[in-house]
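Spelled out, the chains give:
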Amino acid sequence: MAEPLWRPQGRTTRTTRTTRTTRTLRVRASAAVMAVIVLAVLVVPPLVQLDQQAVDLAAKLQPPSWAHPFGTDDVGRDLLLRCVYGLRVSLLVGLVAALVATVIGTAVGAAAGALGGWTDRVAMRVVDTLSSIPHLLLGIFIVAVFRPGVWPVVASVAVTHWLSTARIVRAEVLSLRGRPYVDAAVSGGASRWRVAVRHLVPGILPQAGLAAVLMVPHAMWHESALSFLGLGLPAHQASLGNLVQSARGSLLAGDWWPTLFPGLLLIVPTLAIAGLAGAWRERQNPRRRSELTL
């Protein structure tokens, strides 16, 4: 039997209300998780007067307990404190790399979409060429040129992650160029610079900001992969990738906690940022939000 062309109003209202409640709970949970993470990385290191590099061989590889909630590593260092420091470094690398990559991608995409012609063709061919190279391999090549450190990792992530932002921004600029108010401004004698500053740039900022937010966890995972391979941050500097890398031997010996907690601190911020970014995207696109509630 064919489905009716109409739905009962009460059922539609209940479905819409349930969807909105679920979305609200997801956003609140994501915001609470991110607030705890930011508070931990900003407050714990200055307040806790403990050395996260302090070695205590008598307490090595202790499982989680009241004294050490995350347990200890293979040389007796407190894993909770090291995870907080590692998350702090990984978040810093992710934020800076995402900001640099977004600036590069926005500039290239805006120039390609606004100028068109040979500028568009050359820019997009460069984007296509770099996109054909695996990000991790290109990142390894960039990091291998320099000594291990924060800034080579930031440069590696930024150079390999601006491509998607350039495509998004270019598509948004091309969409904005066809809007009636842009045609009216051009017909009124507005210069190309004025049209770009007054109409195109404000229109692409929400998409560029969303791309930057979504790039933060991607950059964190990229840094962790490089550090896990021994090509990222120095081994003595706490980062989530270094913590996972140093715990490989413990995991093979049956000690699960040195690997579990750094891995969770990579997954949890990723899910929280994805939840907040999804709410932002739905708010920026009300038509899509209304379609989701049908």
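This text goes with the structure placed above it.
Quick notes on the rules
- Residues numbered from 1 in each chain as written.
- Predicted model: local features only at pLDDT ≥ 70, side-chain atom pairs only at ≥ 80, totals over all residues.
- Heavy atoms only, no water.
- Helix = DSSP H or I, 4+ residues; strand = E, 2+ residues; numbered from the N terminus.
- Buried < 20%, exposed > 50% of the residue type's maximum accessible area, 1.4 Å probe, protein only.
- Contact = heavy atoms within 4.5 Å.
- Areas by Shrake-Rupley, 256 points an atom, 1.4 Å probe, with all protein chains shown as cover.
- Core = buried A, V, L, I, M, F, W, Y, C linked by side-chain atoms within 4.5 Å.
- Phe/Tyr/Trp six-rings, centres within 6.5 Å; stacked < 30°, edge-to-face > 60°.
- Lys NZ or Arg CZ within 6 Å of the ring centre and 35° of its normal.
- Expected span 1.5 Å × (residues − 1).
- Polar contact = N/O pair within 3.5 Å; in protein donor to acceptor, adjacent residues only side chain to side chain.
- Salt bridge = Lys/Arg side-chain N within 4 Å of Asp/Glu carboxyl O.

Peer 1: Would you mind going over the overall build of the protein chain with me for this structure?
Peer 2: If you tally the helices and strands in the protein chain, you get 12 helices and zero strands. Sequence-ordered secondary structure for the protein chain, helices as α and strands as β, is α-α-α-α-α-α-α-α-α-α-α-α. By the burial criterion, 39% of the 294 residues in the protein chain qualify as buried. The contacts of the protein chain with a sequence gap of at least 6 include a subset with a gap of at least 24, amounting to 70%. Entry remark: accessible area of the protein chain is about 16700 Å², with carbon and sulfur atoms responsible for 67%.

Peer 1: Even after reading the chapter, I still don't get the nonpolar core, so can you show me in this structure?
Peer 2: Nonpolar side chains tend to gather and get buried jointly when the protein is soluble and globular. Formed by 29 residues in total, the largest nonpolar core has its most connected members in Cys83, Leu87, Leu91, Val127, Trp162, Met220 and Leu240. Looking at this core, the elements with two or more residues in it are helix H1 (9-47), helix H2 (79-115), helix H3 (117-131), helix H6 (163-177), helix H8 (192-228), helix H9 (240-246) and helix H11 (257-284). No other element matches H2, which puts seven residues into this core. Setting aside residues no more than four positions away along its own chain, leucine 87 makes contact with Ile37, Val41, Met220, Leu240, Leu265 and Pro269.

Peer 1: Mind showing me how you'd approach the packing of aromatic side chains here?
Peer 2: Each aromatic ring pair is characterised by the separation of its centres together with the angle its planes make. Following the criterion strictly, the structure yields three aromatic pairs and no others. Here the aromatic cluster, defined as three or more aromatic residues joined through ring pairs, consists of Phe70, Trp256, Trp257 and Phe261. Positioned above the aromatic ring of phenylalanine 228, the side-chain terminus of arginine 248 is 5.4 Å from the ring centre.

Peer 1: Could you clarify how one ought to interpret the side chain of histidine 222 in this entry?
Peer 2: As for its position among the elements, histidine 222 is in helix H8. The contacts of histidine 222, once residues within four sequence positions are left out, are His135, Leu136, Gly139, Ser156, Val157, Thr160 and His161.

Peer 1: Looking at this model, I keep getting lost on H2. Mind explaining?
Peer 2: Side chains that are three or four residues apart share a direction in an α-helix, a result of its 3.6 residues per turn. Between the first and last C-alpha of H2 there are 52 Å, a value that for 37 residues agrees with the 54 Å anticipated at 1.5 Å per step. The residue sitting at the N-terminus of H2 and contributing the capping side-chain oxygen is aspartate 78; that oxygen lies 3.3 Å from the backbone nitrogen of leucine 80. Following H2 by one or two positions, glycine 116 has its phi on the positive side, about 65 degrees.

Peer 1: Would you mind going over the pattern of salt bridges with me for this structure?
Peer 2: Where charged atoms from two side chains of opposite charge come close, those side chains can pair. Counting across every chain of the model gives five salt bridges. Three or more residues joined by partner-sharing salt bridges are found here, namely Asp73, Arg77 and Arg82.

Distances and angles like these do not, on their own, reveal function.
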